[in-house]
Amino acid sequence: MKRVFYFVFITTFFLSGCMQSQVAPTPTFPATSSPTISPSQTATATRIPASPTPTQTQTPIPPTATMEPIIAVPVSAHSLTLTEFNAGTQMKLLNVIGTGTAKDIEFSPDGQRLAVATGRGVFLYDGETFEQNGFLDVKDYVSAIAFSPDGNVLAVGVGGKVSLWNVLSGKQMSTLDGGMVWISRLAYGRGGYVAAIGGDCRGCGTYVNAMILWNTENGSEIFSEHDIGYATVALSFTQDGKSLFFGGKRGLTAIGSNTGKLISNYHTEESFVHAAVNAPYDFILNHDDTGMYLTSYEAKSKTLDFLTQNQETFETCQVNITSNNELGACSVEEQILIFDIKNGNELFNIDIDIDAPSLGDIFALSPDSNFLVYYGKTGINVVNIKTKEEVTKIPITDFDVADVGIIEIDGTQRYALATLTYFGQVEIYDIQSQELLNSLQLDCCKITGLAFAPDHKSLATSDTETLQFW
């Protein structure tokens with residue numbers, strides 16, 4: 001009987017323990033109207049370990065797998081390679097190489113200076129020795145320049161604005177703005193007047209279509225004409241500065257410099273394409289401002305007498321023309337023609353190393369008629385007018401393609417820059433010293449690409465047919 005009793009007791013005890021382990025405790029929820037989801041009866045709750053207090057320490061669990069460390073193979077970098085240790089110092093070697101594309105050339109009225117406008121700024125040279133003696137750092141592409149009558153101030157066209165610079169101090173004095181987007185030609189007249197001609201809209205279909213005249217004393221705009229309607233750079237003050245001639249929408253126009261009021265308008269009843277005065281591209285005034293030589297894309301070049309308004313055909317020049325109040329000059333094919341602006345008689349020709357379309361209007365005559373300067377294949381060429389011989393050359397680094405690398409010369413390795421000019425000449429510079437190390441050239445314009453070779457001793461060039469190593 002006792003055995004039965006103990007058996008029943010032990011069985012009941014174990015059964016009650018099993019029942020308690022299967023029933024989960026009832027959780028207490030806050031009073032809320034949000035629906036609640038009861039935990040599954042079969043799920044077992046896993047306690048989330050508490051974050052250790054600052055006084056507690058955790059023993060990391062060692063990984064079960066062992067990792068083989070990667071063996072780094074040392075690479076011997078070139079001695080001139082930029083690294084985290086020398087980059088700061090070596091970056092100082094990076095300089096602006098070259099001058100940029102030349103866009104305008106002007107002598108000062110006294111002949112003491114020659115200014116060359118480029119993509120970097122304006123370079124100033126002595127008007128007799130042609131040694132560089134100044135630089136106006138406008139920090140932008142310069143499209144046109146003009147000296148003041150005393151030669152001490154230079155008007156500089158950047159974008160659609162004109163800035164005035166003191167050429168003695170190299171400091172900017174003021175800015176003139178009239179809303180144009182591009183300036184093609186500047187003129188600086190006596191009395192402190194500056195005029196600009198250029199474009200005042202982008203994508204409007206007309207490259208040149210505005211002219212603005214300013215008073216530099218107070219920066220005020222005296223006159224403006226927009227929607228000219230044809231390409232023109234025709235812009236010039238008379239020698240006394242009292243009148244300004246320009247190619248306007250009414251044809252050849254003259255206004256008062258201080259008032260902007262119309263003085264004269266020269267036009268003809270001929271059809272538009274048969275009269276240079278109706279659509280002048282450029283002109284120069286003669287020696288006493290009694291007439292001018294007009295060129296046009298629309299018609300033959302003409303001479304115009306202001307007193308009689310008589311016009312005669314002028315066969316010597318086509319569209320680009322310049323003067324120094326004694327001689328006139330214009331380019332035809334691979335020559336610059338020199339003529340007397342008193343009577344228009346052709347005097348002689350000077351051979352140049354570039355054709356007329358490529359030259360454009362980037363040439364000038366010195367005031368004393370001793371020198372002709374023009375933008376040739378390899379820079380600014382200075383020619384003695386009397387002997388017709390080249391006196392010197394001002395190098396201009398005009399390039400479209402460039403590559404940098406490390407080269408070895410006479411056992412010394414240098415950082416180098418190779419540039420490819422628009423006429424196909426390769427020029428190699430030392431980046432640190434900016435020294436021209438070498439020039440490579442085939443026939444004009446054949447080289448179209450370049451790259452330094454990995455051996456630090458060779459340069460590869462390509463053209464339409466071959467790949468060559470130098």
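Residues numbered from 1 in each chain as written. Predicted model: local features only at pLDDT ≥ 70, side-chain atom pairs only at ≥ 80, totals over all residues. Heavy atoms only, no water.

Caption draft 1: Just the sheet that holds strand S23 (residues 335–340), in detail. Reading across from one edge, S21-S22-S23-S24 is the order of the four strands in this open sheet, with antiparallel pairing throughout. Each end of this open sheet is capped by a strand with a single partner; those strands are strand S21 (321–323) and strand S24 (346–351). The mean inter-strand angle of the sheet, taken between neighbouring strand axes irrespective of direction, is 25°. Across six bridges, the pairing between strand S22 (residues 327–332) and S23 is antiparallel. Following the sheet pairing, Cys330 is matched in S23 by Leu337. (Pairing = 2+ DSSP bridges. Helix = DSSP H or I, 4+ residues; strand = E, 2+ residues; numbered from the N terminus. Axes fitted to C-alpha atoms, helices over the stretch in contact; angles between N-to-C directions.)

Caption draft 2: Local environment of the environment of Ser257. For Ser257, the position within the fold is in the loop between strand S15 (251–256) and strand S16 (262–266). With relative accessibility at 1%, the residue Ser257 sits in the buried group. Residues in contact with Ser257, not counting those within four places in the same chain, are Tyr193, Leu213, Ile222, Phe237, Gly241, Lys242, Ser243 and Leu244. Engagement of the side chain of Ser257 in a polar contact is seen with the backbone oxygen of Gly241, the distance being 2.8 Å. (Buried < 20%, exposed > 50% of the residue type's maximum accessible area, 1.4 Å probe, protein only. Contact = heavy atoms within 4.5 Å. Polar contact = N/O pair within 3.5 Å; in protein donor to acceptor, adjacent residues only side chain to side chain.)

Caption draft 3: Geometry of the environment of Ser358. Locating Ser358 in the fold gives a position in helix H3 (residues 356–359). Exposure remark for Ser358: the relative accessible area of 45% places this residue in the partly exposed category. Once the C-alpha coordinates of Ser358 and Glu334 are considered, the two residues, 24 residues apart in sequence, prove to be 9.8 Å apart. Among the polar contacts listed, one links the side chain of Ser358 to the side chain of Asp355, at a separation of 2.7 Å.

Caption draft 4: Layout of the sheet that holds strand S3 (residues 122–126). Pairing in this open sheet of four strands is antiparallel, and the strands run S1-S2-S3-S4 from one edge to the other. Single-partner strands in this sheet number two, and they are strand S1 (104–107) and strand S4 (132–136). Direction aside, neighbouring strands of the sheet carry axes that sit 20° apart on average. Where strand S2 (residues 113–117) and S3 come together, five bridges link them in antiparallel fashion. Looking at S3, one finds that Ala117 is bridged to Val122.

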